[in-house]
Amino acid sequence: MTVLLSISAVVAGALGYHYLPVAALPSYDTPTINVNASLPGASPDTMASSVALPLEKQFSTIAGLVTMSSSNTLGNTSITLEFASGRNIDAAAGDVQAALLRAQRALPEEMTTIPSYRKVNPADAPILILALTSPSLSLPDLNDYADNLVSPSLATIDGVAQVSNWANKKFAVRVQADPDKLAARELTLDQLAAAIRAANANSPLGVLRGANQTLTIEANRQLRHADEFKPLIIATRNGLPVRLADVATVVDSIESTTTASWADGERSIVLAVQKQPDANTVATVDAIRATLPRLQAQMPGSVQIKVINDRSVSVRDAIHDVQLTMMGTIALVVLVMFLFLRHAAATLIPSVTLPISLVGTLGLLFALGYSLDNISLLGLTLAVGLVVDDAIVVLENIVRHVEAGMPPLQAAVTGAREVSFTIISISLSLVAVFIPIFFMPGVIGLLFHEFAVVVMLAILVSAVVSLTLIPLMGSRFLRPEAEQHQHAWLTHFEHGFERVQRAYARSLETALNHRLAVGALALLTIVGSVWLFAASPKGFFPQEDIGQIQVTAEASSDASYEALFRHAERMMKVVGGDPAVEGFAAAVSESNARMFLRLKPRSERDPMPVVIERLRKEAKKLPGIDVYFTPTQNLRLGGRQSRSQFQYVLQSVNGGELTAWADKLKQALAADPLFRDVTTDSQLKGLNARVDIDRERASLYGVALADVRTALYSAFGDRQVSTIYTSSGSYEVILELADAFRQDERALGRIQVRNASGALVPLANVASVQRVAGPTAVNHQGQLQAVTVSFNLAPGAALGEATKRLHEAEKTIGLPSGILTAFAGDAAAFQQSQGAQVVLIIAALLVIYVLLGVLYESYIHPITILAGLPSAAVGALLTLRLFGMELTIIASIGIVLLIGIVKKNAIMMIDFAVEAQRAGATPQEAIRQACALRFRPITMTTLAALAGALPLALGLGAGAELRQPLGVSVVGGLIFSQLITLFITPVIYLGFESLRERLAGRRLQVA
């Protein structure tokens, strides 16, 4: 039955492995919804006050809303809503839709499109970037295929949140009016708009219903191209028709003339695919790639769909490499067991726990709905060195009895019975270490739940196998040593180990004779662990090298689109030409330019920090723009978009004061060499042409202020005056002034407004124009104005030190207390994790103490067992410092894991000593005997755990940056603690036994 159950576990695990989804990290995303609204031509202030604020007031009433931030730029508002992790995103989306409906009547009448929402985190990098290119088709034609075929098809795929066109080149007819020609014919822009709208109507006409037939009424079809609009009669003057071509230039154009995109330097239509917060990256990309050939077949042969950037590649590489690491770990662990057991049969017995425990765990992971990712595989890799521990302890005890002459069957029963309590104690206490992880708050808890479950399941399965299958196999396959042949080099290894064991026995005697010195050493490790923990540089999450970099460039706030276009072309030549860059996608708009870089494989380039520093150095030579580089990470927290990775938010009711202090803080941080790419999203240095309308003069001329605003919007706001409906979609007819009259503020004087009596009044008669500084972006958090200072770190800099320097900079500049400050995104999670690290370690210690106290029915023995743990922390922290690594969350999890691993040494000694005392031995005899007999299994299990962590510590393969800190902390902690606990534990045990005997003697005297 035992064999059948074991085989069943392996088969179930193999089936579960086949169906496990693959991901970079466990699902950690909080429900996030992005709302977008557009009003072409509206200033950032107008968007903030008339669009964002009414929406924010409605959204603020939604249950479970944690953070609401908005960015308002020229003609566009983007609001990001972040909800509590337990909130169902579909239910939240329903509430957002209802809030949008309630806000409709409060929005400006000029909004031709209602606000829309997507279940997407706008700050998250796209999982896939595609480019449509063609040597023969125009960009508007390519855009039609993108909008009408590719985007709708991809948007329906499960897991896709939105498909964004970086530079929409949708067809439109532009009517570029000449204000002088309009004035000569006594026409206004409003009349021109009304005439176009009336001549291109698409209203229903009705039905004729006769006795025998029904006829649907049709009229002239809509005008569809510029040549059809040109002869349109818009008015009659002196009996002669005034045609549209007489007062305007009509051209076939595009909706947005201030955007452009490139793929590897070639003008293209670039589509960025973003996933839903709870979607699996690899599964979503696989589904998209499976769809692309079908889409390609439906387009002309000259059109090509190219994959420019694919985030799933790095995920697959990391999973592949960690699987190879696991295979190497298994080989090392088996080698360690073979060296100590010296026989293939004896080595095979504990080795069977590896496939049963690890593969069986995979089946349980599938049943629990987890994924195969870096964190779960990290847990499985570490479990390789842990799951054999129980089997080693059981088998070593059985072998000891067999070599003493006991028959294998009896030795198996006796040996398993003797260590059963030890196995239960070790396994339960190791499982208990991970219990506090389930109570960790926020994203960190979500990330490491899976890690804890993986290790716990593997250990529990291993314990069951060790107490059932191992004795069974031992009774069948073990033979006395005299009946077995072994290689000479194994004999030499055994002799060497015996010399080490004798040396340990002598050293132990010395330690027992100098208990005070050893006790002082134990106290020193406690003090040292606390000091090292406080002094260690703190980090959040190791920066991964997934081979992708996000680049953002900004020019001066008053720079035109044409100027930014020229800057972007120069930037692409410099940045895209770096020897480490394999390909890129780029886009430019009125506000900034951006690039997504795809780097060459790691073996063909420098490490990521070196590449970024080189790019920064080259980008500084570009005149007129500031360029920011941020490596793309699998872990990206928060929904706030910024040009750098870490964010610090300032809020105040007084927006002007807020901007001034944010600039001071930015300058202070930029002067500190610890920071890189320091910038703010406060953009108040744009140039505005302010029209001051003299209300008294306007009243004298009979001009209404509303007519002035409408005329200005028709002239300069890309106003949609009509819609062309076709079988493939709808296209806009846009009214504007000709380019020659849109260069500067002098054109405003040419605008004519019709007064109440029907006469034309030049705008210059009732208004004046002056240049003033104004915002190019207005940002909110909640409903208060906010400015975000974002920054990256210099190579080797720790986030903990950066936050300390930031607070020092605040004091230096004298930041007023009335300005509210808080970290956001990754930096906020780091702040939260700092307290969580200490609580996690203390909670793990308390849980183990309680568990051991219950198992041993003693208050003292748990303290003895836990006394060696500070030495493990010292070893881990010293090793991290030695290799220049930060104390990140990953490294802290390694220290927690050490608590579970290291205390097993003490458990094996204390458990045997307690049994020996019950059999009549003195404490001194009991602990000496326990140390002598348990030295071999302690060494074996420690080396097995080292073998499990060593490949991680070496940091080989893709995604190694994530795994290495944990491996380094475990290896360093095990080596140091092994040297210390073998002496501290016996001394403390005897010290407590002496104390217990003295207390018992006093009770007898009192009695």
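All values reported here derive from a predicted model rather than from experimental measurement.

Structural notes on the overall build of the protein
Thought 1: Helix and strand counts for the protein come out as 29 helices and 31 strands.
Thought 2: Taken along its principal axes, the extent of the C-alpha atoms in the protein is 125 × 75 × 55 Å.
Thought 3: The burial tally for the protein puts 54% of its 1007 residues in the buried class.
Thought 4: Nonlocal contacts in the protein, meaning residues at least 24 apart in sequence, comprise 80% of its contacts between residues at least 6 apart.
Thought 5: For the protein, the accessible surface area stands at approximately 42,400 Å², while carbon and sulfur atoms represent 57% of it.

A closer look at the side chain of Glu554
Thought 1: Along the polypeptide, Glu554 turns up in strand S17 (residues 548–554).
Thought 2: For Glu554, a relative accessible area of 13% translates into the label buried.
Thought 3: Engagement of the side chain of Glu554 in a polar contact is seen with the side chain of Arg643, the distance being 2.7 Å.

Brief notes about helix H14 (residues 408–433)
Thought 1: For H14, spanning 26 residues, the distance from its first C-alpha to its last is 35 Å, which sits close to the expected 38 Å at 1.5 Å a residue.
Thought 2: The axis of H14 is deflected most strongly, by about 45°, at Val419.

Remarks on the sheet that holds strand S7 (residues 171–177)
Thought 1: Judged by pairing direction, the sheet is mixed, and its four strands sit side by side in the order S12-S7-S25-S24 without closing on themselves. Lying at the two open borders of the sheet, with one neighbouring strand each, are strand S12 (248–254) and strand S24 (719–725). Between one strand axis and the next, the sheet turns by 25° as a mean value, whatever way the strands run.
Thought 2: Of the strand pairs in this sheet, S7 and S12 are connected by seven bridges, and their pairing is antiparallel. Bridge pairing in S12 places Val173 opposite Asp252.
Thought 3: Contacting S24 and strand S25 (730–737), helix H22 (residues 705–716) runs over the sheet at an angle of about 110° to S25.

Some words on the nonpolar core
Thought 1: In this structure, Phe448, Phe451 and Phe540 are the most contacted members of the largest nonpolar core, which totals 179 residues.
Thought 2: The element best represented in this core is helix H27 (residues 889–918), accounting for 20 residues.
Thought 3: Phe171, Val173, Leu244 and Ala747 belong to the second largest nonpolar core, which has 44 residues in total.

Details of the domain arrangement of the protein
Thought 1: Examined at the domain level, the protein breaks down into domain 1 (30–120) and domain 2 (171–205 + 220–254 + 686–774).
Thought 2: The gap between the C-alpha centroids of domain 1 and domain 2 is 31 Å.
Thought 3: Domain 1 puts five residues into the contact, and the matching count from domain 2 is four residues.
Thought 4: Buried area between domain 1 and domain 2, summed over both chains or domains, comes out near 320 Å², and the portion from carbon and sulfur atoms is 53%.
Thought 5: On the domain 1 side of the contact with domain 2, Pro40, Glu110 and Thr112 bury the most area, a combined 75% of that side's loss.
Thought 6: Summed over the shared surface of domain 1 and domain 2, the number is zero salt bridges.
Thought 7: Between domain 1 and domain 2 we count one residue pair in polar contact (both at pLDDT 80 or more) in total.
Thought 8: Residue composition of the side of domain 1 that touches domain 2, grouped by class: two nonpolar, two polar and one charged.

With respect to the pairing of strand S2 (residues 65–73)
Thought 1: Note: S2 against strand S3 (residues 76–83), eight bridges, orientation antiparallel. In the sheet register, Asn72 faces S3, and the bridge partner there is Thr77.
Thought 2: Hairpin connection, S2 to S3: the antiparallel pair is bridged by two residues, and Gly75 has positive phi, about 75°.
Thought 3: Sheet topology places S2 next to strand S29 (residues 777–781); five bridges connect them, and they run antiparallel. Note on S29: the bridge partner recorded for Ser70 is His780.

Digging into the sheet that holds strand S15 (residues 269–275)
Thought 1: Across the sheet, which stays open at both edges, the four strands sit in the order S6-S15-S5-S16 with antiparallel pairing between neighbours. The sheet is open, and its two borders are formed by strand S6 (160–165) and strand S16 (304–310), each paired with just one other strand. Neighbouring strand axes in the sheet, compared pairwise and without regard to direction, differ in orientation by 25° on average.
Thought 2: Pairing analysis gives five bridges linking S6 to S15, with the strands arranged antiparallel. Paired with Val163 across the two strands is Val273, which belongs to S15.

Section: helix H23 (residues 799–813)
Thought 1: With 15 residues, H23 ought to run about 21 Å at 1.5 Å a step, and its terminal C-alpha atoms sit 21 Å apart, in line with that.
Thought 2: Looking at H23, one finds that the buried residues are Leu799, Gly800, Ala802, Thr803, Leu806, Ala809 and Glu810.

Points about the packing of aromatic side chains
Thought 1: On inspection of all chains with the given rule, the structure shows 14 aromatic pairs.
Thought 2: When the ring of Phe497 is compared with that of Phe935, the centres are 5.6 Å apart and the planes differ by 25°; the resulting orientation is stacked. You can see Phe497 sitting in helix H16 (residues 488–513) and its partner Phe935 sitting in helix H28 (residues 923–954), a full 438 residues away along the chain.
Thought 3: Taking the relative accessible area as the measure of exposure, Phe935 reaches 5% and is therefore buried.
Thought 4: Aromatic ring contacts, followed pair by pair, group Phe497, Tyr504, Phe935 and Phe983 into a single cluster.
Thought 5: Its end group placed over the ring of Phe533, Lys538 keeps NZ or CZ at 5.3 Å from the ring centre.

About the criteria used
Residues numbered from 1 in each chain as written. Predicted model: local features only at pLDDT ≥ 70, side-chain atom pairs only at ≥ 80, totals over all residues. Heavy atoms only, no water. Helix = DSSP H or I, 4+ residues; strand = E, 2+ residues; numbered from the N terminus. Buried < 20%, exposed > 50% of the residue type's maximum accessible area, 1.4 Å probe, protein only. Contact = heavy atoms within 4.5 Å. Areas by Shrake-Rupley, 256 points an atom, 1.4 Å probe, with all protein chains shown as cover. Polar contact = N/O pair within 3.5 Å; in protein donor to acceptor, adjacent residues only side chain to side chain. Expected span 1.5 Å × (residues − 1). Bend = angle between axes of the 7 residues up to and from the residue. Pairing = 2+ DSSP bridges. Axes fitted to C-alpha atoms, helices over the stretch in contact; angles between N-to-C directions. Core = buried A, V, L, I, M, F, W, Y, C linked by side-chain atoms within 4.5 Å. Domains from an automatic or database assignment. Buried area = accessible area lost by both parts, 1.4 Å probe. Salt bridge = Lys/Arg side-chain N within 4 Å of Asp/Glu carboxyl O. Nonpolar A, V, L, I, M, F, W, Y, C, P; charged D, E, K, R; others polar. Phe/Tyr/Trp six-rings, centres within 6.5 Å; stacked < 30°, edge-to-face > 60°. Lys NZ or Arg CZ within 6 Å of the ring centre and 35° of its normal.

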